[in-house]
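Fold and geometry: a report
One letter stands for each residue in the lines below.
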Amino acid sequence: MEFAAFRRLSRDDIMRMLDVEGFEHVEAARRAGHGAMCVTGHFGTWELTGAWVAANGVPMSYLVGEQTNARVDDVMNNLRRTQGIGIITRTSALKKVLLALRANETVALLADQDARKGGVVVDFLGRPASTVRGPALFAIRARCPIIPLSVHREGTRLRLTFEAPMWPDPSLDEEESVLQLTRYYTDALSRCIRRYPDQYFWPHRRWKSTAALEAAAPSPPA
């Protein structure tokens, strides 16, 4: 409902709704001239992140998937645009995400989908999960940090938290760096969900691609 109300929310409304911590991590990344890759999942009122960041004068774009229903897709993206959020679709992601980061902007996306065979396998809520490589690869190629974030409800208030950044380690090869960065933001999301499980909403089969790995794993000793 808060997302649906985007057209009616003023900058002052957004500022009043959210208590924010850790935004200095985004500001520090921008002072370094690299922008930031912000990552979360289908947790809490994540849509308000871009509205708050844009209200504070920092350009933010969402990397979004396309909805099956084109009219719904237009409605959702137009609501985001009313709050000053830029839209990057997956079909144009490679070029536009890197352009945004190299222009010292921030890009945010949800990274809790099953990535199938092309993903990197890391633990998510204690189970191996195929996870998208995109956030880590963008960070490596733009030489910018990954900043996990979350928006959760505390009574009648909402708290937006930007966690400490992880920068790509130039001493690692690309595959090792992808694994390290992906594990970092996935662990951050797992912690949020364990703390506020009622605020996580993702009904798809998150572990579909890795179910066979679990089935083949040896049983722990009795």
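Look above for the structure.
Overview of the structure. (Residues numbered from 1 in each chain as written. Predicted model: local features only at pLDDT ≥ 70, side-chain atom pairs only at ≥ 80, totals over all residues. Heavy atoms only, no water.)

Comments concerning empty space enclosed by the protein
Applying the stated criterion across every chain yields a total of one cavity of 30 Å³ or more. Considered as a void within the structure, the largest cavity measures approximately 60 Å³ in volume. Lining the largest cavity are Val39, Thr40, Gly41, Pro148, Leu149, Ser150, Glu163, Tyr185, Ala188, Leu189 and Cys192. A per-element tally of the lining of the largest cavity places helix H7 (residues 174-195) first, with four residues. When the residues that make up the lining of the largest cavity are grouped by side-chain class, the tally is seven nonpolar, three polar and one charged. (1 Å grid on protein atoms, 1.4 Å probe; cavity = no way out; pocket = protein on both sides within 12 Å on 5 of 7 lines; lining within 4 Å. Points joined across faces, edges and corners; volume = space filled by probe spheres on them. Helix = DSSP H or I, 4+ residues; strand = E, 2+ residues; numbered from the N terminus. Nonpolar A, V, L, I, M, F, W, Y, C, P; charged D, E, K, R; others polar.)

Comments concerning the sheet that holds strand E8 (residues 146-154)
Strand order in the open sheet made by the seven strands is E1-E9-E8-E2-E5-E3-E4, with mixed pairing throughout. In this open sheet, the two edge strands, each paired with only one partner strand, are strand E1 (18-21) and strand E4 (86-89). Strand-to-strand, the axes of this sheet are offset by a mean angle of 25 degrees, without reference to chain direction. In terms of strand pairing, E1 meets strand E9 (residues 157-162) through four bridges, oriented parallel. From the neighbouring strand, Asp19 faces E9, where its bridge partner is Arg159. Seen against the sheet, helix H2 (residues 23-31) touches E1, strand E2 (36-40), strand E5 (106-110), E8 and E9 and runs at an angle of roughly 40 degrees to E9. Packed onto the sheet, helix H5 (residues 93-102) meets E2, strand E3 (60-64), E4 and E5 and runs at close to 145 degrees relative to E4. (Pairing = 2+ DSSP bridges. Axes fitted to C-alpha atoms, helices over the stretch in contact; angles between N-to-C directions. Contact = heavy atoms within 4.5 Å.)

Regarding the pattern of salt bridges
Counted according to the given criterion, the structure contains nine salt bridges. Between Arg80 and Glu47 there is a salt bridge, with its nearest N and O atoms 2.7 Å apart. You can see Arg80 sitting in helix H4 (residues 70-82) and its partner Glu47 sitting in the loop between E2 and helix H3 (48-55), a full 33 residues away along the chain. With a closest N to O distance of 3.0 Å, Arg191 and Glu163 form a salt bridge. Remark: Glu163 occurs in the loop between E9 and H7 and Arg191 occurs in helix H7; sequence separation between them is 28 residues. By relative accessible area, Arg191 is classed as partly exposed at 47%. For Glu163, a relative accessible area of 18% puts it in the buried group. One continuous salt-bridge network, built from bridges that share partners, spans Glu21, Glu154 and Arg159. (Salt bridge = Lys/Arg side-chain N within 4 Å of Asp/Glu carboxyl O. Buried < 20%, exposed > 50% of the residue type's maximum accessible area, 1.4 Å probe, protein only.)

Some points on the nonpolar core
Most often, soluble globular proteins have nonpolar side chains that are buried together. Residues Phe6, Leu18, Leu48, Trp52 and Phe162 are the most contacted members of the largest nonpolar core, which totals 30 residues. Listing elements by their share of this core, those giving two or more residues are helix H1 (11-17), H2, E2, H3, E3, H4, E8 and E9. In terms of residue count, the dominant contributor to this core is H3 (four residues). Excluding anything up to four places from it in sequence, Phe6 contacts Glu47, Leu48, Ala51, Leu79, Arg80, Thr82, Gln83 and Ile85. One finds Leu98, Val120, Leu137 and Ala142 within the second-largest nonpolar core, a separate group that totals 23 residues. (Core = buried A, V, L, I, M, F, W, Y, C linked by side-chain atoms within 4.5 Å.)

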